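Breakdown of the fold
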Amino acid sequence: MPQGLWFDPELCLIGGSWCAPVGGRTLALINPSDGSVLCNIARGEAADIDAAVGAAQNALQGDWGRMSALERGRILTRMGQLVLERVDDLALLEAQDVGKPLTQARADAVALARYLEFYGGAADKVHGQTIPYLEGYTVYTLREPHGVTGHIVPWNYPMQIIGRSVGAALAMGNAAVLKPAEEACLTALAFAHIAQDAGLPDGALNVVPGIGAEAGAALTAHPGVQHVSFTGSVATGALVQQAAGRNVVPVTLELGGKSPQLVFDDADLDAALPFLVNAGIQNAGQTCSASSRILVQRDVYDNIRHRMSEAYGALTVGPALSDLRVGPVISQRQKDIIQGFLGKGADLEVAAQGVLGDEAVNTGAYVLPTLFAGVPADHPLARDEIFGPVQVIIPFDTEEDAIRIANSTDYGLVASIWTGNGARQMRLAKAIRSGQVFINNYGAGGGVELPFGGVGKSGHGREKGFEALYGFSQLKTVAAYHG
Ligand code: NDP
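Here the structure is a predicted model, which is why all the values come from computation and not from measurement.

**A few points about the overall build of the protein**
From N to C terminus, the protein includes 16 helices and 22 strands. Taken over the C-alpha trace, the protein has a radius of gyration of 23 Å; the compact-globule value for 483 residues is 23 Å, and the two agree within 12%. Projected onto its principal axes, the C-alpha positions of the protein cover 70 × 65 × 40 Å. Taken across its 483 residues, the protein has 57% of its residues classed as buried. Sequence separation of 24 or more characterises 75% of the internal contacts of the protein that already satisfy a separation of 6 or more. By element, 52% of the accessible surface of the protein is carried by carbon and sulfur atoms, the whole surface being about 18100 Å². Put simply, the protein has 34 plus and 48 minus side-chain charges, and the middle of one group is 5 Å from the middle of the other.

Okay, here's the thing in structure tokens:
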């Protein structure tokens, strides 16, 4: 059993009751730090999803559906407070489940609390409008929940992704059905227990762990679901969109990226350096907004290459509970995917690699952080999402080159521009095809308040901030004729 587990992990939450999945089947949850079985989890299937959707529909007809926005906000705020009280417990579960170093897992738990606080406070601040219309009319708009929302969450940031999607959906009065990733679902279950403790009415949140092709596919195709939010791969995102499309329901897709940082020769390199490296190796590079491409102007190329190499040389990889900078990746399967990419880089210059710590056993899913230098912009390692601790440095000469290279992948999630030239900052912020652009920083500390989402194959729809609340609601126009 995982250290610190305080609930039965083999159950689903449906309509306020913790129950075994209909088929009675379970899945083994693997600790990526050493390959051991942590525990079994429920393997929910279509019948469980059907029951969860039914429970969510009942909640919308009952107390939850009638609750004021103020009261919903208070419950979310309470959930945030309870998460803060259990930050260390949540971090311990996440570290064992995902392989995330404890400090990073703790930061995710704090971020989950912050989402709940933000959406708790915002729940009663999303207004409709009045619209001037023809003489004799009063016209106004109402923001209403979609109804039942389906949430497919991946393994890389379970707490943050639950916070930003389930938090926003509940704030707007939807009833949620959550399918966590089969490889990481302990904090999803913990979150559901915390929600109950905070007084969330039965059925407002339902959690059915299971396999994507079974429980996940059943959720996205269910005719009782009115909105689907998905974070994960492009291939699965396309399947999710197809399934939801058959029911003609909106979908939010967050599908990762190949996010660049552009370093010009007038940049504050000391300020840039920690962001250049950290944005690539955080969570062992398994981050949708990881910065896997470092574009460097020729005059400062050697300097950056040298300093990034030094930083890589100081990276030690080890078990999550040792709390080093880099833990294992999520699974042996993910390790194989990343090693496959490293094989494609055989023709490239490896500028530096991290080292394996003494505690990293060979049954763990460890990958050495690897920095490639002098990489051509059209090389597969410079174009494809690797989802591992791998970065490429790409030299450029002019601003035009930098823009062309930055925009040369299928993705567009996050970008950052390091330059002291204000006019260039403004020009590039417009020219770069990306959902978010940062100037002289990267990621802005998580940015719960900042709308987030992609263009191109990074997906569509916006999460975080108030945009998420608009996404988890629909607008009704009321036109009253009174003469
Ligand atoms: P997937 O996209 O397959 O999985 C993400 C989520 O979707 C999981 O909860 C998964 O369930 C679920 N899922 C899988 N198939 C279906 C389906 N047919 N219908 C509905 N839901 C489904 O990613 P993987 O975990 O397989 O990782 C593969 C690659 O995806 C990574 O290497 C990375 O490139 C990318 N990825 C991107 C993420 C991001 O943040 N943008 C996050 C995770 C992965 P289950 O896991 O239980 O099978």
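**Remarks on the packing of helix α6 (residues 158-171) against helix α7 (residues 186-197)**
For the pair α6 and α7, interaxial distance at closest approach is 9 Å and the crossing angle is 45°. Between α6 and α7, the interaxial angle falls into the category oblique. Considering only the axes of α6 and α7, their crossing is right-handed. On α7, the residues that touch Pro158, Met159, Ile162 and Val166 of α6 are Thr187, Ala188 and Phe191. Considering only residue class, the contact of α6 with α7 consists of six nonpolar, one polar and no charged.

**Remarks on the nonpolar core**
Judged by nonpolar contacts, the single largest core of 84 residues is most densely connected at Met79, Tyr119, Leu170 and Leu205. In this structure Tyr119 touches Leu76, Gly163, Arg164, Gly167, Ala168, Ala171, Lys464, Gly465, Ala468 and Leu469, once residues within four positions along its chain are discounted. With 55 residues, the next largest nonpolar core counts Leu262, Ile304, Ala402 and Ala406 among its residues.

**So, empty space enclosed by the protein**
One pass over the full model with this rule turns up five cavities of 30 Å³ or more. In this model, the largest cavity occupies a volume close to 100 Å³. Taken together, the residues of the lining of the largest cavity break down into six nonpolar, seven polar and two charged. Of the pockets and cavities examined, the second largest cavity occupies roughly 60 Å³. Looking at the second largest cavity, it is lined by 15 residues, and the ones nearest its centre are Pro260, Tyr411, Gly412, Val414 and Arg433. By residue class, the composition of the lining of the second largest cavity is seven nonpolar, five polar and three charged.

**Comments concerning the side chain of His222**
By the element assignment, His222 lies in the loop between α8 (212-221) and β10 (227-231). Look past the residues within four positions of His222 in its chain and what remains in contact with it is Ile49, Asp50, Val53 and Asn247.

**Some thoughts on helix α4 (residues 87-98)**
Taking 1.5 Å per residue as the helical rise, α4 with its twelve residues ought to reach 16 Å, and the 16 Å between its terminal C-alpha atoms agrees with that figure. With nine of twelve residues buried, α4 is to be regarded as a mostly interior element. Regarding α4, the residues found buried are Val87, Leu90, Ala91, Leu93, Glu94, Ala95, Gln96, Asp97 and Val98. Looking at the buried side of α4, the elements it contacts are β3 (26-30), β4 (37-42), α3 (69-85), α5 (102-122), α6 and α7. Once α4 finishes, Gly99 follows within two positions and takes phi at roughly 85°, a positive value.

**Thoughts on unusual backbone geometry**
Even without a glycine there, the phi angle at Val248 is positive, about 55°. Assignment of secondary structure puts Val248 in the loop between α9 (234-246) and β11 (251-254). Unusually for a residue other than glycine, Lys464 sits at a positive phi of about 70°. Summarising the element assignment, Lys464 is placed in the loop between β21 (459-460) and α16 (465-471). For Lys464, a relative accessible area of 8% corresponds to the buried category.

**Brief notes about the sheet that holds strand β18 (residues 390-396)**
A sheet is described by the order of its strands in space; here seven strands give the open sequence β15-β17-β18-β13-β12-β19-β20, paired in mixed fashion. On the outer flanks of this sheet lie β15 (349-353) and β20 (436-439), each paired with one strand and no other. Taken over all neighbouring pairs, the strand axes of this sheet differ in orientation by 20° on average, direction set aside. Strand contacts of helix α15 (residues 422-431): β12 (260-263), β19 (414-418) and β20, with the helix running at about 165° to β20, the strand carrying the most contacts.

**Structural notes on the pairing of β19**
For β19, the tally of buried residues reaches five of five residues, placing the bulk of the element in the interior. Taken together, the three bridges between β12 and β19 define a ladder with parallel strand orientation. By the bridge assignment for β19, Leu262 is matched with Ile417. Of the strand pairs in this sheet, β19 and β20 are connected by four bridges, and their pairing is parallel. Its bridge partner lying in β20, Ser416 is registered against Phe438.

**Quick notes on the pattern of salt bridges**
Pairing is possible between side chains of opposite charge, provided their charged atoms come close. Enumeration over the complete set of coordinates arrives at 21 salt bridges. As a salt-bridge pair, Arg25 and Glu45 come within 3.4 Å of each other at their nearest N and O atoms. Taken together, the positions of Arg25 in the loop between β2 (17-19) and β3 and Glu45 in the loop between β4 and α1 (46-61) put the pair 20 residues apart, joining distant regions of the chain. Relative accessible area serves as the criterion here: at 23%, Glu45 is assigned to the partly exposed category. Between Asp270 and Arg307 there is a salt bridge, with its nearest N and O atoms 2.5 Å apart. Of the two residues, Asp270 sits in helix α10 (residues 269-281) while Arg307 sits in helix α11 (residues 298-313), which places them 37 residues apart along the sequence. Of the residues examined, Asp270 reaches a relative accessible area of 54% and is grouped as exposed. Classification of Arg307 by relative accessible area gives partly exposed; the value is 22%.

**Brief notes about the sheet that holds strand β22 (residues 473-481)**
Ordered in space as β5-β6-β22, the three strands form an open sheet in which the pairing is antiparallel. Lying at the two open borders of the sheet, with one neighbouring strand each, are β5 (130-131) and β22. Across two bridges, the pairing between β5 and strand β6 (residues 137-145) is antiparallel. Looking across to β6, one finds that Ile131 is bridged to Val139.

Each value, and the rule that gives it
- Residues numbered from 1 in each chain as written.
- Predicted model: local features only at pLDDT ≥ 70, side-chain atom pairs only at ≥ 80, totals over all residues.
- Heavy atoms only, no water.
- Helix = DSSP H or I, 4+ residues; strand = E, 2+ residues; numbered from the N terminus.
- Rg over C-alpha atoms; globule rule 2.2 N^0.38 Å.
- Buried < 20%, exposed > 50% of the residue type's maximum accessible area, 1.4 Å probe, protein only.
- Contact = heavy atoms within 4.5 Å.
- Areas by Shrake-Rupley, 256 points an atom, 1.4 Å probe, with all protein chains shown as cover.
- Lys, Arg positive; Asp, Glu negative; His and termini not counted.
- Charge placed at Lys NZ, Arg CZ, Asp CG, Glu CD.
- Axes fitted to C-alpha atoms, helices over the stretch in contact; angles between N-to-C directions.
- Parallel < 35°, antiparallel > 145°, perpendicular 65-115°, else oblique.
- Left-handed = near helix turned anticlockwise from the far one by under 90°.
- Nonpolar A, V, L, I, M, F, W, Y, C, P; charged D, E, K, R; others polar.
- Core = buried A, V, L, I, M, F, W, Y, C linked by side-chain atoms within 4.5 Å.
- 1 Å grid on protein atoms, 1.4 Å probe; cavity = no way out; pocket = protein on both sides within 12 Å on 5 of 7 lines; lining within 4 Å.
- Points joined across faces, edges and corners; volume = space filled by probe spheres on them.
- Expected span 1.5 Å × (residues − 1).
- Pairing = 2+ DSSP bridges.
- Salt bridge = Lys/Arg side-chain N within 4 Å of Asp/Glu carboxyl O.

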